[in-house]
Amino acid sequence: RVHIFIHIIRCIIGISRCSGLGKDLKVRLQRAVSMNKRRFVDADNGFSLDLTYVCDRLIVMAIPCVDGAMYRNDIREVARFFA
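Keep in mind that what you see is a predicted model, and the values were worked out from it rather than measured.

(A) Quick peek at the overall build of the chain. Scanning the chain from N- to C-terminus turns up three helices and four strands. Starting at the N terminus and walking to the C terminus, you meet the elements of the chain as α-α-β-β-β-β-α. The proportion of buried residues among the 83 residues of the chain is 14%. For the chain, the accessible surface area stands at approximately 7000 Å², while carbon and sulfur atoms represent 61% of it.

Below is the structure:
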């Protein structure tokens, strides 16, 4: 019984630590998925997108997500980028 109690306490501590990360966790996941590729980062407008300019008028990126996958480009950020 003590083992179960200790396990529950450790889970609660782990969840509380992860919930405090918020945006930092999302940024770390995005960097890990991008691996050695460079991300398009524009600090002035707040963009950090996984995309590549092939030429001046051609951009390539993975399919953006609506909700869920933190490591993908958010569809709202992609729409704001093209606006």
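(B) Geometry of a nonpolar patch on the surface. A surface patch of nonpolar side chains, amounting to about 680 Å² of accessible area, comprises V2, I4, F5, I6, I8, I9 and I12. Of note, F5 is situated in helix 1 (residues 2-21). Taking the relative accessible area as the measure of exposure, F5 reaches 54% and is therefore exposed.

(C) Quick peek at the packing of aromatic side chains. For the coordinates displayed, the defined rule picks out two aromatic pairs. Ring geometry for F47 and F81: centres 5.5 Å apart, planes at 90°, overall edge-to-face. Placement of the pair is F47 in strand 2 (residues 47-49) and F81 in helix 3 (residues 75-82), with a sequence separation of 34 residues. Both residues of the pair, F47 and F81, belong to the buried class. Ring geometry for F81 against F82: centres 5.1 Å apart, planes inclined by 75°, an arrangement best described as edge-to-face. Three or more aromatic residues joined by ring pairs form one cluster here, namely F47, F81 and F82.

(D) Here's a closer look at the environment of T52. Relative to the helices and strands, T52 resides in strand 3 (residues 51-55). For T52, a relative accessible area of 45% puts it in the partly exposed group. For T52 and F40, which are 12 residues apart along the polypeptide, the C-alpha to C-alpha distance reads 7.4 Å. For T52, the contacting residues outside a window of four places in its chain are L58, I59 and V60.

(E) Fine view of the pattern of salt bridges. Applying the stated criterion to the full structure yields two salt bridges. Here R80 and E77 are joined by a salt bridge, their closest N and O atoms 2.8 Å apart. A residue pair is termed a helical-turn pair when its members lie 3 or 4 positions apart in one helix, as R80 and E77 do in helix 3 at three residues. Using a relative accessible area of 37% as the deciding quantity, one classes R80 as partly exposed.

Calculation rules
- Residues numbered from 1 in each chain as written.
- Predicted model: local features only at pLDDT ≥ 70, side-chain atom pairs only at ≥ 80, totals over all residues.
- Heavy atoms only, no water.
- Helix = DSSP H or I, 4+ residues; strand = E, 2+ residues; numbered from the N terminus.
- Buried < 20%, exposed > 50% of the residue type's maximum accessible area, 1.4 Å probe, protein only.
- Areas by Shrake-Rupley, 256 points an atom, 1.4 Å probe, with all protein chains shown as cover.
- Patch = residues over 30% accessible without salt bridge, like charges linked within 9 Å, V, L, I, M, F, W, Y side chains within 5 Å.
- Salt bridge = Lys/Arg side-chain N within 4 Å of Asp/Glu carboxyl O.
- Phe/Tyr/Trp six-rings, centres within 6.5 Å; stacked < 30°, edge-to-face > 60°.
- Contact = heavy atoms within 4.5 Å.

Spatial relationships are all this shows, so hold off on functional conclusions.
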